[in-house]
Amino acid sequence: MSSEPMSDTHILKIESLEAKVATENLDILNGVNLEIGKGEVHAIMGPNGSGKSTLAKILAGHPSYEATAGRVLFKGQNLFELDVDERSRAGIFLAFQYPVEIPGVSIANFLRTALQAHLVDEEELDIFEFTDMLTERMSMLEMDISFAERHVNDGFSGGEKKRNEILQMAVLRPTLAVMDETDSGLDIDALKIVANGVNKLTEEDPEMSILLITHYQRLLNYIKPDFVHVMVDGRLVRSGGPEIALELEKDGYKNWKDSGAVSSGVPKTA
Amino acid sequence: MTDSLFSKGVTEALNFSAVERLCITEPDWLRERREHAWALYEQTPMPTTKLEEWRYTDLRKQLQLDTLSLSQATVVSDDPTAWPKRLRKAMKEDRQASGHIVVIDGHVVHSDLEAELIAKGVILSSLHDAIEQHPSLVENWLATEAVPPEEGKFAALNAALWSDGIFLYVPADVQLNTPIRVTRWLSEAGVAQFGRVLILAENASRISYVDEILSDDFSKQTFASNAVEIIAKERAQVQYVSVQRLGRGAFYQSVQRTLAYRDASLDTLNVALGASVSRVDLNACLLGERANSDMLGLYFGDDDQHFDFNTSQDHISPDTASDLLYKGALDAASRAVFRGIIRVKPTAQRTDAYQTNRNLLLSGNARADSLPNLEIEADDVKCSHGATVGELDPEAKFYLMSRGLSRIQAERLVVLGFLGEVLSKLPLGGVVEKVTRVIEEKLSQH
Ligand SMILES: Nc1ncnc2c1ncn2[C@@H]1O[C@H](COP(=O)(O)OP(=O)(O)OP(=O)(O)O)[C@@H](O)[C@H]1O
Ligand SMILES: [Mg+2]
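Residues numbered from 1 in each chain as written. Chains lettered and ligands numbered in written order. Predicted model: local features only at pLDDT ≥ 70, side-chain atom pairs only at ≥ 80, totals over all residues. Heavy atoms only, no water.

Things to note about the overall build of chain A
- In terms of helices and strands, chain A carries nine helices and ten strands.
- A compact globule built from 270 residues should have a C-alpha radius of gyration of about 18 Å, and chain A, at 19 Å, falls within 12% of that.
- Overall, chain A is about 60 × 45 × 40 Å in size when its C-alpha atoms are taken along their principal axes.
- A total of 270 residues make up chain A; the buried ones form 52% of that total.
- A total of about 12100 Å² of accessible surface is found on chain A, and carbon and sulfur atoms cover 48% of it.
- Across chain A, the 26 positively charged side chains and the 44 negatively charged ones have centroids separated by 7 Å. (Helix = DSSP H or I, 4+ residues; strand = E, 2+ residues; numbered from the N terminus. Rg over C-alpha atoms; globule rule 2.2 N^0.38 Å. Buried < 20%, exposed > 50% of the residue type's maximum accessible area, 1.4 Å probe, protein only. Areas by Shrake-Rupley, 256 points an atom, 1.4 Å probe, with all protein chains shown as cover. Lys, Arg positive; Asp, Glu negative; His and termini not counted. Charge placed at Lys NZ, Arg CZ, Asp CG, Glu CD.)

Examining the domain arrangement of chain A
All names here are of chain A.
- Split by domain assignment, chain A resolves into domain 1 (7-99 + 156-269) and domain 2 (106-151).
- The C-alpha-based centres of domain 1 and domain 2 are spaced at 26 Å.
- Taken together, the two surfaces of domain 1 and domain 2 that pack against each other cover about 1700 Å², and 71% of this comes from carbon and sulfur.
- In this structure, the connection of domain 1 to domain 2 is made through one salt bridge.
- Across the pair Arg137 and Glu204 runs a salt bridge whose closest N-O atoms are separated by 2.5 Å.
- Run the count over domain 1 and domain 2 and you get five residue pairs in polar contact (both at pLDDT 80 or more).
- Looking at the side of domain 1 that touches domain 2 element by element, the count peaks at nine residues for helix H5 (residues 158-172). (Domains from an automatic or database assignment. Buried area = accessible area lost by both parts, 1.4 Å probe. Salt bridge = Lys/Arg side-chain N within 4 Å of Asp/Glu carboxyl O. Polar contact = N/O pair within 3.5 Å; in protein donor to acceptor, adjacent residues only side chain to side chain.)

Structural notes on the site of ligand 1
Residues and elements named next belong to chain A.
- Taken together, 15 residues lie near ligand 1, and Lys52, Ser53, Thr54, Tyr65 and His215 sit nearest.
- Between ligand 1 and Gly49 there is a distance of 2.9 Å, counted from an oxygen atom to a backbone nitrogen or oxygen.
- The contact in question runs from an oxygen atom of ligand 1 to an N or O atom on the side chain of His215, over 2.8 Å.
- Contact with the protein chains covers 67% of the free accessible surface of ligand 1, which is 630 Å².
- At three residues, the largest contribution of residues to the shell around ligand 1 is made by helix H1 (residues 52-60).
- When its residues are assigned to classes, the shell around ligand 1 shows five nonpolar, eight polar and two charged. (Near = heavy atom within 4 Å. Nonpolar A, V, L, I, M, F, W, Y, C, P; charged D, E, K, R; others polar.)

Focus on the coordination of the magnesium ion (ligand 2)
Residues and elements named next belong to chain A.
- Each protein donor to the magnesium ion (ligand 2) is listed here as Ser53 (OG) and Gln97 (OE1); together their distances run 2.0 to 2.1 Å. Note that Ser53 is positioned in helix H1 and Gln97 in the loop between strand S6 (92-95) and helix H3 (107-118), a separation of 44 residues in sequence. For the pair Ser53 and Gln97, one class covers both residues: buried. (Donors = N, O, S within 2.8 Å, 3.2 Å for Na, K, Ca; no water.)

Thoughts on the interface of chain A and chain B
- Every contact between the two is made by 32 residues of chain A and, on the other side, 18 residues of chain B.
- In total, chain A and chain B occlude about 1900 Å² of area from one another, counting both sides; carbon and sulfur atoms represent 68% of this.
- The interface formed by chain A and chain B includes two salt bridges.
- Across the salt bridge formed by Arg403 of chain B and Glu165 of chain A, the nearest N and O atoms sit 2.7 Å from each other.
- The interface formed by chain A and chain B contains 13 residue pairs in polar contact (both at pLDDT 80 or more).
- Of all the secondary structure elements, the ones that give two or more residues to the side of chain A that touches chain B are H1, helix H2 (84-90), S6, H3 and H5 of chain A.
- With six residues, H3 of chain A is the single largest residue contributor to the side of chain A that touches chain B.
- Taken together, the residues that form the side of chain A that touches chain B break down as 18 nonpolar, nine polar and five charged. (Contact = heavy atoms within 4.5 Å.)

Things to note about helix H8 (residues 243-251) of chain A
Residues and elements named next belong to chain A.
- Among all positions of H8, only Ile244, Ala245 and Leu248 are buried. Axial view of H8: buried residues confined to an arc of 100°, hence all on one face.
- Next to the buried residues of H8 lie strand S3 (41-45), helix H7 (217-222), strand S9 (227-232) and strand S10 (235-240).
- Positive phi appears at Gly252, one or two residues downstream of H8, with a value of about 70°. (Arc of directions from axis to C-beta.)

Thoughts on the packing of aromatic side chains
- Inspection of the entire model under this criterion finds 14 aromatic pairs over all chains.
- Here Phe147 of chain A and Phe156 of chain A contribute two aromatic rings whose centre-to-centre distance is 5.0 Å and whose plane-to-plane angle is 70°, an arrangement assigned as edge-to-face. With respect to burial, Phe147 of chain A and Phe156 of chain A carry one shared label: buried.
- With centroids separated by 5.0 Å and ring planes inclined at 35°, the aromatic side chains of Tyr299 of chain B and Phe309 of chain B adopt a geometry described as tilted. With Tyr299 of chain B in strand S14 (residues 292-301) and Phe309 of chain B in strand S15 (residues 306-315), this residue pair connects regions lying ten residues apart in the sequence. Of the two residues examined, Tyr299 of chain B and Phe309 of chain B, each falls in the buried class. (Phe/Tyr/Trp six-rings, centres within 6.5 Å; stacked < 30°, edge-to-face > 60°.)

Next up, the structure:
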């Protein structure tokens, strides 16, 4: 297993990552570089189809994608050596852009199984402690407790699915949370509740790092990013502070959607 | 076995003198019935794959009738310590019950029933005892209205050769709060065993009945035949559950018919987990106005197990309803056949009839054939049928694994969720847990 001394602050290090669709010759990521430090909040914005979700899924280990070059280190360890479930147990959590419906499996049962899987050395999950914790997490996200008996995402509204993603995150308490468009589908009140929930988790664990993917500045008013990156055509073409999000809100991506601009990393008209 | 011998199905063990031996101590009406059934059996050709209803189960290949002998087993004492360990374990898992019956190798060795229910006139006994103590009840209903020998080759064979069975009678207005639990054990390899169930629920009575059959694996093919007759009179509520957990080497064959009179509700759940070959013929007859039947089925196959369900929903009277849901998961090289028909007679206006069969294939070698059918002769009806055969959704697996579940745990959860829909519709205490546990056992070998 390749690992190198972990710098104190870096939790995730993506180096020149290129990736394609596993079953066809379709390149999606064309050299992504990104470092995320402990406790940092990074946001990625970018036009539809630029590769944001692909990056998120590759971090989680989705079998549809194949890394063709570069590497990803998580806590100093080669991420690609870990299977999907091992990555989760190592502390990566992906809040899905499109959460999957699992008919017949209750949220409570699912989360109990997941949390049990996260315990080490055959430690037995205390069912009463679990129920208390789940109740508390649900009330933090202002979810009715009856939700725990509903089947995972089955027949949920778009907003309910997103809130359910954050419930899972709040139960599993990852070291790195990748949130793919968690804000889309949430109404204004729900967005605040979810954002407050995420901020609570950060208070509980200031070392938790977050990679947010979003199209809208609005979410970033509630969850304040330390860095904002712009992804175009499978590359991060610009990185900077929160001011980038405000610029994009105003001007859109027109300055970036040109191959010349992408390779130089500088907006054409800047 | 030559063609003509196979077609007749008469062998060294299964023949007229075997019928005569059974009749020795029985009343005349029963002797006549057995002899009549045997004559029908001989006349009825063995079903072949040329028949639509047997297209996917080739008896010529699957059933070695000529190797079967009749049971030699003697009656085991009514003492649990003398019973097989697995049988006792299966019983222990059952929660509350109003009464029990234990059948070992075709003999009823134990029966009990709450005193209060006995006082109210409920009868739970072996068929033989019922024939002595309540002859007219049994004579009226045994192999007459529900599963007569005319029903087919196997119904005739069973009616001629049944060795013992279960009789359950619930008088009008008597309602049982907990199920009757029947546990059957087979130990003899290479035999043909014939059992029957007769349940008669009078007006406005209520009963649930859970019948579990199990065995170890058999070194030689063993044939377990079952005929189930259930009659729900007006406003009666009946739930029938059958859990089949026979070992490999078993050929399980069950013919079931339910008769629902006016305002009765008569629900069934067939769970098929064991045996090498399992064939269930179920006919739900909605005889009276507003009668209602929910028909549930659940199966999980592995190795080269073969399940064949042949169901029919017969709507005779107006305003009747039936709702069928059969779901199965198939692993390794196992195979399932579901053939279902909804028949609505011209007299059955305003019928609601639904039929759904869903299959989940867990391996590239597994196979499911689903053949839903409608035959509608009334014009004011609501009917639908649907069938699906799908594979485990890789996105669902990825989603669950991304929360830390191992591949096996993820598959287990998806499969149990898929099948759980059936169990959640008939949540009898103990049944859900038991069936879930057995499926988990099978999944852990996946
Ligand atoms: N499995 C796949 N097969 C074929 N093409 C794919 C596959 N997955 C992604 N793509 C393509 O790769 C590109 C990037 O997709 P991705 O989902 O990563 O975009 P995105 O940046 O998340 O977009 P959005 O903002 O709309 O969510 C798109 O053109 C998409 O159609
Ligand atoms: Mg996306």
